[in-house]
Amino acid sequence: MSRPRVLALLAAAGIALAAAGAAILPATASNAATACAAAYNNSAVYTGGMQVSYNSHNWTAKWWTQYEAPSTGGSGVWADNGSCGGSGGGGGGGTTCNYPAWVAGQYYAVGAIVRYTNGLYYQATHENPGYDPTISTWFWSPYACGGGGGGGGGTTGFVVSEAQFNQMFPSRNGFYTYAGLTDAMAKYPAFAKTGSDTVKRQEAAAFLANVGHETGGLVYIDEINTANWPHYCDYSQPYGCPAGQSAYHGRGPIQLSWNFNYKAAGDALGVDLLNNPNLVATNSSISWQTGLWYWMTGTGNAGTTSHNAMVNGQGFGTTIRAINSIECNGGNPAQVQSRVNLYNQFTAILGVPAGGNLTC
C-alpha cells in the first residue's frame, strides 16, 4: 500500500475517533444552558435586534417596542429564542433570584431589582430614592424570577391574566398591550383591588367592557370620525389649545377628548398632555392611564365614579351613565346593550356573576 494511502486511512480513523470522543464528552455548562440576557424592563425602549430575558427565556425584539412584555402573542414584536439560565426546560423550576436586599433611602435607577423584607422581589419601574416597594407601587413592580405561569394575574397582581386579556380582545391593536395596562395600574392601586375577589373581577370586567366598546374591541386608537376633530377645542379655557384646534379628539381606551380633559388628565398623571396630546396615541402606558384616570375620578351624570359604582354595588349600568349618559334612558339602547353584552362575556371569562342593575 502506498504511503499516501496509509496516511489518508490514518487521518480518516483519527477523524472518526475524534467524533466518537466528542459524542461521549460530558456536557459543559455552556452546552447545558444558554446564559440569560439582561432582564426585561417594562419601562425601557427596545429596538429591533435587542435581546432580553423574561420568564427564563431569551427574547429578541423585531422592531421598536415599549410596555409590551415578551410573549408569543400580542403584536408579535418578540421572538422567543428558547430557555436560558439552566432551568432545564422540563416544567416547574425557573432561575433563582440572587438580588440585593432593598434598603430604605438608597437611590435606585430604573430596572434595579431588589429583595424586599417579605422575601419577594421588585423591579424599579421609575427611579426613586428608596421608596417602599409595597407602598410606592408607581415606582416598583413585582418581579418574577422565571417560571411564571399559573392562574390569576401572575406577578402583576391583576385579577385578569394576560391569557384572559387576549381572549377578551383577540383582534386588538398591538398598541393596547397587557403590560401597558398593568404598568398604568400602578397610578391607581385601588383599581380592581378593592373589595372581595368577585368585586375585583367585576370591576375589571366592567372597565374592559366599556373600553372595549369605546374602541371597537381595542382596535381603534384615534376617533374614527375625523370631521369631529376640530370640535374639541374650548377656547374659553385660559390655556386655550396650544397643540392646535384639531389636536384634542378622542384617543385611547376611553377616547379622551376636549382640551380641558387633556389638561386635567395630564395634571393628574404628571404628564403634559395639553401640549403633547398625541402621547395618548403613542405611549401604551399613558394611554391606559388616561382610561383609568377617568374610571377612577370621572362622574359624568352618574353622581359617582365608575370605580365606586362597582365597588359599592351600584352595578354596571351606573358606569355607562358615568361614561356616556347620552345613551341612557332610551337615548341609544343598542349601544347600552353592546356594553352589557361585553360585560356579561367578560365576567363569564373571569368566572364571576354579572350582578344586577346592568343597564341605564
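Quick summary incoming for the structure in this document. All values derive from a computational prediction rather than experimental measurement.

With that settled, the discussion passes to helix 5 (residues 197-214). With 18 residues, helix 5 should cover 26 Å at 1.5 Å per step; its first-to-last C-alpha distance of 26 Å lies within 8% of that length. A large share of helix 5 lies buried, amounting to 14 of its 18 residues. Phi turns positive, to about 65°, at Gly-216, one or two residues after helix 5.

For the coordinates displayed, the defined rule picks out 2 disulfides. With a sulfur-sulfur separation of 1.8 Å, Cys-233 is cross-linked through a disulfide to Cys-241. Between Cys-233 and Cys-241, the S-S dihedral sits near 110°, and the bridge is therefore right-handed. Here Cys-233 matches Cys-241 in class, with each residue buried. Note that Cys-328 is cross-linked by a disulfide to Cys-360, the S-S spacing being 2.0 Å. Disulfide Cys-328 to Cys-360: torsion about the S-S bond roughly -85°, handedness left-handed. One end of the pair, Cys-328, is in the loop between helix 10 (316-324) and helix 11 (333-350); the other, Cys-360, is in the segment after helix 11, and 32 residues separate them in sequence. Judged on exposure class, the residue Cys-328 and its partner Cys-360 are both buried.

Now for the side chain of Arg-172. Along the chain, Arg-172 falls in the loop between helix 3 (162-168) and helix 4 (178-184). Classification of Arg-172 as buried rests on a relative accessible area of 13%. Within the structure, Arg-172 has its side chain in polar contact with the side chain of Asn-166 (distance 3.1 Å). A polar contact of 2.8 Å, which involves the side chain of Arg-172, links it to the backbone oxygen of Tyr-176.

Moving on, we get to helix 11. In this model helix 11 runs 26 Å from its N-terminal to its C-terminal C-alpha over 18 residues, within 8% of the 26 Å that 1.5 Å per residue would give. Taken together, the buried positions of helix 11 are Val-336, Arg-339, Val-340, Tyr-343, Phe-346, Thr-347, Ile-349 and Leu-350. Those residues of helix 11 hidden inside the fold are in contact with helix 3, helix 5, helix 9 (306-311) and helix 10. At the exit of helix 11 stands Gly-351, carrying a positive phi of roughly 75°.

Mapped onto the elements, Tyr-262 comes out in helix 6 (residues 259-269). Residues contacting Tyr-262, with those up to four places away along its chain left out, are Tyr-248, His-249, Gly-250, Arg-251, Leu-256, Ser-257, Leu-273, Leu-274, Pro-277 and Val-280. Of the polar contacts made by the side chain of Tyr-262, one reaches the side chain of Arg-251; its length is 2.8 Å. One polar contact links the side chain of Tyr-262 to the main-chain carbonyl oxygen of Leu-256, over a distance of 3.1 Å.

Attention now moves to the pairing of strand 2 (residues 57-61). Most of strand 2 sits out of view: 4 of its 5 residues are buried. Bridging between strand 1 (residues 51-54) and strand 2 involves 4 bridges; their strand directions are antiparallel. Across the sheet, residue Val-52 finds its bridge partner in strand 2, namely Trp-59. Summarising the sheet, strand 2 and strand 3 (residues 78-83) pair through 5 bridges and their orientation is antiparallel. Pairing of Ala-61 across the sheet is with Trp-78, part of strand 3.

Okay, the packing of aromatic side chains next. The tally for this structure, following the rule as stated, stands at 17 aromatic pairs. A centroid spacing of 5.5 Å and a plane angle of 80° characterise the contact between Phe-207 and Trp-295, whose relative ring orientation is edge-to-face. Of this pair, Phe-207 sits in helix 5 while Trp-295 sits in helix 8 (residues 284-297), and the two are 88 residues apart along the sequence. A single burial state applies to Phe-207 and to Trp-295, both of which are buried. Measuring from centroid to centroid gives 5.5 Å for Tyr-248 and Tyr-262, while their planes differ by 65°, and the two rings are edge-to-face. Separated by 14 residues along the polypeptide, Tyr-248 in the loop between helix 5 and helix 6 and Tyr-262 in helix 6 bring together distant segments of the chain.

The rules behind the values
- Residues numbered from 1 in each chain as written.
- Predicted model: local features only at pLDDT ≥ 70, side-chain atom pairs only at ≥ 80, totals over all residues.
- Heavy atoms only, no water.
- Helix = DSSP H or I, 4+ residues; strand = E, 2+ residues; numbered from the N terminus.
- Expected span 1.5 Å × (residues − 1).
- Buried < 20%, exposed > 50% of the residue type's maximum accessible area, 1.4 Å probe, protein only.
- Disulfide = S-S within 2.5 Å.
- Polar contact = N/O pair within 3.5 Å; in protein donor to acceptor, adjacent residues only side chain to side chain.
- Contact = heavy atoms within 4.5 Å.
- Pairing = 2+ DSSP bridges.
- Phe/Tyr/Trp six-rings, centres within 6.5 Å; stacked < 30°, edge-to-face > 60°.

Geometry only, nothing functional implied.
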